[in-house]
Amino acid sequence: MRLILLGPPGAGKGTQCKRIIERYKAAHLSSGDILRAERKAGSDLGQKAQSFMDSGGLVPDDVIIGMMIGAMTRQAGGYVLDGFPRTTVQGQELDKALASAGEKIDAIVNLQIDDAVIEPRMTGRRSCPVCGAVYHIENLKPKVDGQCDKGCGELVQRPDDKPEVVENRLKIYHEQTAEVVGYYESTGATIININADQDIDKVSADVIEQLDKLDA
Ligand code: AP5
């Protein structure tokens, strides 16, 4: 199965992706995770992305498109795209690349949620810098406060989860990313709208109920 997961920052894309890829045996291709890995490795790409990410802005389209299409072409089986495309131009370039490879996306899962609910999700998120596991100080607590359950050590707050950056990420989402749903409506793609303002298990159940129908 090939899917795109859309939704504002903090909507729960990463959280739901982990469950989707387990069930449908697909790869998780997260543009944010790939960029963070490039930064950690100190690559040219990571250095180019750094200032955009830290301010909550978007990394330029040409950098992202090459990076994500490269990651997709290395996948033999299914995948879930998380965080890409994030502009209409990225969506158009993705469609061109898929068409030239004779492939198509089966569905777009669109997580819908209000900004007021998202803000505390992002400011309360804590991540493991070693294994990438994601927790929340209230909604998804680690067994020991501030420590990764897998024994990796201390959890950290992503620099872009600080309140002032969160505000800018939401602004950028509404200005540049929300329109991607409209782009896919105009192409006649299958769009599955999901209410993401529910507990994590209920959101997963709703997503899986819809995806199972496609997979049948
Ligand atoms: P990226 O890492 O993609 O960030 P994002 O899209 O802003 O998404 P997040 O990772 O913040 O949130 P999420 O929706 O995955 O939520 P999560 O599941 O973690 O991108 C980071 C940056 O990279 C961008 O700002 C940009 O600079 C750059 N970038 C990336 N892609 C790009 C692109 N295509 N073009 C240009 N630039 C790009 O959940 C959040 C928290 O809420 C967690 O703590 C979780 O435990 C909790 N939670 C999740 N679901 C629920 C629920 N149902 N109820 C309660 N709590 C929940």
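Located above this text is the structure these notes cover.
All values derive from a computational prediction rather than experimental measurement.

## Describing the overall build of the protein
On a plain count of helices and strands, the protein comes out with nine helices and seven strands. For 216 residues, the compact-globule formula gives about 17 Å, and the C-alpha radius of gyration of the protein, at 17 Å, lands near that figure. Along the three orthogonal principal directions, the C-alpha set of the protein runs to about 45 × 40 × 35 Å. The 216 residues of the protein split such that 44% are buried. For the protein, the exposed surface amounts to about 10900 Å²; the carbon and sulfur share of it is 50%. Here the protein contributes 26 positively and 33 negatively charged side chains, and the mean placements of these two sets differ by 4 Å.

## Structural notes on the site of the ligand
What surrounds the ligand is a group of 35 residues, the closest being Thr15, Gly57, Arg86, Arg125 and Arg169. At a separation of 2.6 Å, an oxygen atom of the ligand approaches a polar backbone atom of Gly57. Separating an oxygen atom of the ligand from a side-chain N or O atom of Arg86 is a distance of 2.7 Å. Taken by itself the ligand offers 1000 Å² of open surface, and the protein chains cover 96% of this. Those elements giving two or more residues to the shell around the ligand turn out to be helix H1 (13-24), helix H2 (31-41) and strand E6 (134-136). Here the shell around the ligand takes four residues from H2, the largest share from any one element.

Definitions and cut-offs
Residues numbered from 1 in each chain as written. Predicted model: local features only at pLDDT ≥ 70, side-chain atom pairs only at ≥ 80, totals over all residues. Heavy atoms only, no water. Helix = DSSP H or I, 4+ residues; strand = E, 2+ residues; numbered from the N terminus. Rg over C-alpha atoms; globule rule 2.2 N^0.38 Å. Buried < 20%, exposed > 50% of the residue type's maximum accessible area, 1.4 Å probe, protein only. Areas by Shrake-Rupley, 256 points an atom, 1.4 Å probe, with all protein chains shown as cover. Lys, Arg positive; Asp, Glu negative; His and termini not counted. Charge placed at Lys NZ, Arg CZ, Asp CG, Glu CD. Near = heavy atom within 4 Å. Polar contact = N/O pair within 3.5 Å; in protein donor to acceptor, adjacent residues only side chain to side chain.

Nothing here speaks to function; it is all geometry.
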